Amino acid sequence: MEKRVVFHGKLLPFILLAPQLLVTLVFFYLPAGQAVWQSFLVQDAFGLSTEFVWFENYQILLSKPDYYRTMLTTAIFSSLVAFFSLSIALLFAVQADKHLKFATGYKTLLIWPYAVAPAIAGVLWLFMFQPSLGLVSQALRAAGFEWNPLLNQNHAMTLVVMAATWKQISYNFLFFLAGLQAIPKSVIEAAAIDGATPMRRFWTIIFPLLSPTTFFLLVVNIVYVFFDTFGIIDAATQGGPARATETLVYKVFSDGKSGGDLGGSAAQSVILMAIVIALTAIQFRYVERKVQY
């Protein structure tokens, strides 16, 4: 007979939840509330004088053409990173799920990049693609291709996209591999007996069964691109050249720290948070309909 443990104390669940709730309150809700409040203020660089200006920071921000350019840059950057990181991770997961020699070693090597900090990932890719000293840059120059992410805007965007994609592939790979291993092999074998080709089996059976995992990773990758790629951009390009790789999260940092516009920077962070929440809500509202649980 199965024994079940029953906790009679009504206070115990709240005690167990208290550490996580405290961390969330201190490191998320309080800073978010402070950013919303500060977005209605105008302060000098030293914080000696403060003036409440209502929505003036938002009006000034939304009247600047360069802010919309940064939005476009962020949209392009996020779309490229999400597409390539999900696609490459899915390809690697499908290959790693096969019966291969040294499969464990391959999986371990694919997981390792996730342990690298974003700033370190940016530095590693900058070293490889540095115009004068990078090994890859020297190979490209020997092949007749002039690579210079310090001056060429397209090269700089390519560099940060590759670094951000490489950093996120490991995370996506783990979830895709777990999703593939959860698919019953009998279903795939039955399709193979019926004469379905490997490509047809993938698109009609495997990929639809992976849709919950894909949807989850899509949401996570959007959040990753909007926030966690700051370290990569700061280490690799610092938003240049000519702000070609300046995303919304990096603009919040540069305007607040370098520009001293604390109120405008806070307004940007509030808008960025609203954009991410809206994108997540849209994904749950419309994209989730196509998910097959």
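Everything below is about the structure printed above this text.
So, here's what we can say about the structure. All values derive from a computational prediction rather than experimental measurement.

Quick word on unusual backbone geometry
Alright, step 1. Going from Gly240 to Pro241, the amide bond is cis rather than trans, its omega being -5°.
Alright, step 2. Within the secondary structure, Pro241 sits in the loop between α11 (230–236) and α12 (248–258).
Alright, step 3. Backbone geometry places Ala242, a non-glycine residue, at a positive phi of 55°.
Alright, step 4. Of note, Ala242 is situated in the loop between α11 and α12.
Alright, step 5. At Arg243, a residue that is not glycine, the phi angle is positive and equals roughly 60°.
Alright, step 6. Residue position: Arg243 is located in the loop between α11 and α12.
Alright, step 7. A relative accessible area of 41% means that Arg243 is categorised as partly exposed.

Considering the packing of helix α3 (residues 65–96) against helix α10 (residues 211–228)
Alright, step 1. For the pair α3 and α10, the least separation of the axes is 9 Å and the interaxial angle reads 135°. Considering the angle they form, α3 stands oblique to α10. Classified by chirality, the crossing of α10 by α3 is right-handed. Together, Thr74, Phe77, Ser78, Val81, Ala82, Ser85 and Leu86 of α3 and Leu217, Leu218, Asn221, Tyr224, Val225 and Phe226 of α10 make up the contact between the two elements.
Alright, step 2. Residues that form the contact of α3 with α10 fall into these classes: nine nonpolar, four polar and no charged.

Parameters and conventions
Position numbers for residues count from 1 along each chain, tracking the sequence in the order it is written. Local features in this predicted model are restricted to residues of pLDDT 70 or higher, and side-chain atom pairs are both shown and tallied only at a pLDDT of 80 or more, whereas totals for entire chains, interfaces and linings draw on every residue. Side-chain metrics rest on all non-hydrogen atoms present in the structure, leaving aside hydrogens and water. A helix here means a DSSP run of H or I that spans at least four residues, while a strand means a run of E at least two residues long, and both kinds are numbered starting from the N terminus. Buried residues are those whose accessible area, probed at 1.4 Å on protein chains only, stays under 20% of the maximum for their type, while exposed residues exceed 50% and partly exposed ones sit between those limits. To get an axis, a line is fitted to the C-alpha atoms, and for a helix only the part in contact is used. The angle between two axes follows their N-to-C directions and goes from 0 to 180 degrees. Any angle that falls under 35 degrees is termed roughly parallel, while one over 145 is termed roughly antiparallel, one within 65 to 115 roughly perpendicular, and all others oblique. Each crossing gets its handedness from the near helix: less than a right angle anticlockwise from the far helix is left-handed, clockwise is right-handed. A contact between two residues is defined here by any heavy atoms of the two lying within 4.5 Å. Three classes are used: nonpolar for Ala, Val, Leu, Ile, Met, Phe, Trp, Tyr, Cys and Pro, charged for Asp, Glu, Lys and Arg, and polar for all others, with Gly counted as polar.

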